[in-house]
Amino acid sequence: MNTRQWRLVRLLNRGEHFSARMLAEECKVSIRTIQRDMTVLEANGYPIYSEPGIAGGCRTGICRHSF
């Protein structure tokens, strides 16, 4: 995992919901890059919970929706 992916882990571990757009802006990358990073995190055993929609977002937890 790279530095950006570790940063995502730290952000997601706060327990807050983050949209892919918010994470992309925080990391100064595209939304697609965030989606790829989330896939890498899941493959490395980090449970990513994401909920689609306006009130949705991403956080660590039980994975219900895969990127």
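Before reading further, recall that the structure is shown in the block above.
These figures come from a predicted structure and were not determined experimentally.

Draft legend 1. Layout of the pairing of strand β1 (residues 48-51). Inspection of the sheet shows β1 paired to strand β2 (residues 57-60) by four bridges, in the antiparallel sense. Of the residues in β2, the one forming a bridge with Ser-50 is Cys-58. Counted between consecutive antiparallel strands, the loop separating β1 from β2 contains five residues, among which Gly-53 sits at a positive phi close to 110°.

Draft legend 2. Quick look at helix α3 (residues 31-43). With 13 residues, α3 extends 19 Å from end C-alpha to end C-alpha; this agrees with the ideal 18 Å at 1.5 Å per step. Buried residues of α3: Thr-33, Ile-34, Asp-37, Met-38, Leu-41 and Glu-42, and no others. Those residues of α3 that are buried are in contact with α1 (3-12), α2 (20-27), β1 and β2. Taken from the residues just after α3, Gly-45 is the one with a positive phi, measuring 95°.

How each quantity is defined
Residues numbered from 1 in each chain as written. Predicted model: local features only at pLDDT ≥ 70, side-chain atom pairs only at ≥ 80, totals over all residues. Heavy atoms only, no water. Pairing = 2+ DSSP bridges. Helix = DSSP H or I, 4+ residues; strand = E, 2+ residues; numbered from the N terminus. Expected span 1.5 Å × (residues − 1). Buried < 20%, exposed > 50% of the residue type's maximum accessible area, 1.4 Å probe, protein only. Contact = heavy atoms within 4.5 Å.

Read these as layout, nothing more, since geometry by itself doesn't imply function.
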